[in-house]
Amino acid sequence: MNRRELLTMIAAVTGTSMMGAHRAFAYQPTPVGENLFSEADAEFLDTVAETIIPATDTPGAREAGVGAFMTVYVSDCYTSREQANFREGMEQIRTRAETDYGKPFEEMSTEERQELLQTAADEARAFTSRRMAELEERREQSIDQQSAADTAADEQPEEAAEPEMHWFTPIQQLTLFGFFTSEVGGTEVLRYEQVPGEYIGDLDYDGGPAWAT
């Protein structure tokens, strides 16, 4: 699975493109170095990610260090608003655990954690579907208005006031992305071929300089 296939898979699972991906891959300069999260935050995110991708006969998200990955990615590649939304997502999970199950998320059983996150994932898919339908309706209205008034063809629909994504979507996206781009996910879960193509290791040496790599 290459990067393009992975991003396509994440978009298919979450119903929308990955937040912050264009900043991570477009070589745009961003401030780096300061991790905005604590070790406790990374441990909490490890527990969330392990619920989404648990260890079976292959390693899970915790072994891949997905929690720590998420704290770095959000610190370096998200805008301030996106970082705030991500933290809001963490608080939503903590609050729902206390409200619906009467205990911290970390103390819930595996089944309870899966139930809580599955509910959040269902809500996120419904939110994204509703959001996409609204955007499509606005786009069609904009085209009709432009045609009637003969306005500029590149005029964009008015930005919506509500957040672009459901609070759970970035957590789900970064769990998948962090796991499948990790060494563990890349070599022990996905099919890994260190040297793609044919390797010919027995050629006659002609006396010229050897290749460095």
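Higher on the page you've got the structure.
Residues numbered from 1 in each chain as written. Predicted model: local features only at pLDDT ≥ 70, side-chain atom pairs only at ≥ 80, totals over all residues. Heavy atoms only, no water.

Draft legend 1. The arrangement of the overall build of the chain in detail. Secondary structure summary: the chain contains eight helices and zero strands in total. When the elements of the chain are put in sequence order from the N terminus, they spell out α-α-α-α-α-α-α-α. In the chain, which comprises 213 residues, the share counted as buried stands at 37%. Put simply, of all contacts in the chain between residues at least 6 apart along the chain, 69% involve residues at least 24 apart. For the chain, the accessible surface area stands at approximately 13,500 Å², while carbon and sulfur atoms represent 50% of it. (Helix = DSSP H or I, 4+ residues; strand = E, 2+ residues; numbered from the N terminus. Buried < 20%, exposed > 50% of the residue type's maximum accessible area, 1.4 Å probe, protein only. Contact = heavy atoms within 4.5 Å. Areas by Shrake-Rupley, 256 points an atom, 1.4 Å probe, with all protein chains shown as cover.)

Draft legend 2. Structural detail: the nonpolar core. Residues Phe86, Ile93, Phe105 and Phe168 are the most contacted members of the largest nonpolar core, which totals 35 residues. For this core, the secondary-structure elements that each account for two or more residues are α3 (39-52), α4 (66-77), α5 (80-101), α6 (110-149) and α7 (169-180). Take this core: its biggest share by element is six residues, from α7. Each residue touching phenylalanine 86, except ones within four places of it in the same chain, is listed here: Phe37, Leu45, Met70, Val74, Tyr78, Pro170, Ile171 and Leu174. (Core = buried A, V, L, I, M, F, W, Y, C linked by side-chain atoms within 4.5 Å.)

Draft legend 3. Quick peek at the pattern of salt bridges. On inspection of all chains with the given rule, the structure shows seven salt bridges. Close ionic contact of glutamate 123 with arginine 96 constitutes a salt bridge, the shortest N to O distance being 2.9 Å. Highlighted residues: glutamate 123 in helix α6 and arginine 96 in helix α5, separated in sequence by 27 residues. Since its relative accessible area comes to 19%, arginine 96 is described here as buried. Here the salt bridges share partners, and the residues they tie into one network are Asp41, Arg87, Glu91 and Arg94. (Salt bridge = Lys/Arg side-chain N within 4 Å of Asp/Glu carboxyl O.)

Draft legend 4. A look at α4. Between its terminal C-alpha atoms α4 stretches 16 Å, which fits the 16 Å expected from 12 residues at 1.5 Å a residue. Of all 12 residues in α4, nine are buried; the element is thus mostly enclosed. (Expected span 1.5 Å × (residues − 1).)

Draft legend 5. Representation of the environment of glycine 185 within the structure. Locating glycine 185 in the fold gives a position in helix α8 (residues 183-189). A relative accessible area of 0% places glycine 185 in the buried class. Separated by 124 residues in sequence, glycine 185 and alanine 61 have C-alpha atoms that sit 8.3 Å apart. If sequence neighbours within four positions are ignored, glycine 185 has contacts with Phe179 and Leu190.

Draft legend 6. Quick peek at the packing of α5 against α7. Running from N to C, α5 and α7 cross one another at 100°; their axes reach a closest spacing of 8 Å. As far as their axial angle goes, α7 and α5 are roughly perpendicular. Across from Phe86, Gly89, Met90 and Ile93 in α5, the residues of α7 making contact are Pro170, Ile171 and Leu174. (Axes fitted to C-alpha atoms, helices over the stretch in contact; angles between N-to-C directions. Parallel < 35°, antiparallel > 145°, perpendicular 65-115°, else oblique.)

Draft legend 7. Spotlight on the packing of α4 against α7. Running from amino to carboxyl end, α4 crosses α7 at an angle of 115°, the nearest separation of the two axes being 9 Å. Between α4 and α7, the angle falls in the class roughly perpendicular. Here α4 and α7 pass one another in a crossing that is right-handed. Taking contact as the criterion, the partners of Val66, Phe69, Met70, Tyr73 and Val74 in α4 are, on α7, Ile171, Leu174, Thr175, Phe177, Gly178 and Phe179. Taken together, the residues of the contact of α4 with α7 sort by class into nine nonpolar, two polar and no charged. (Left-handed = near helix turned anticlockwise from the far one by under 90°. Nonpolar A, V, L, I, M, F, W, Y, C, P; charged D, E, K, R; others polar.)

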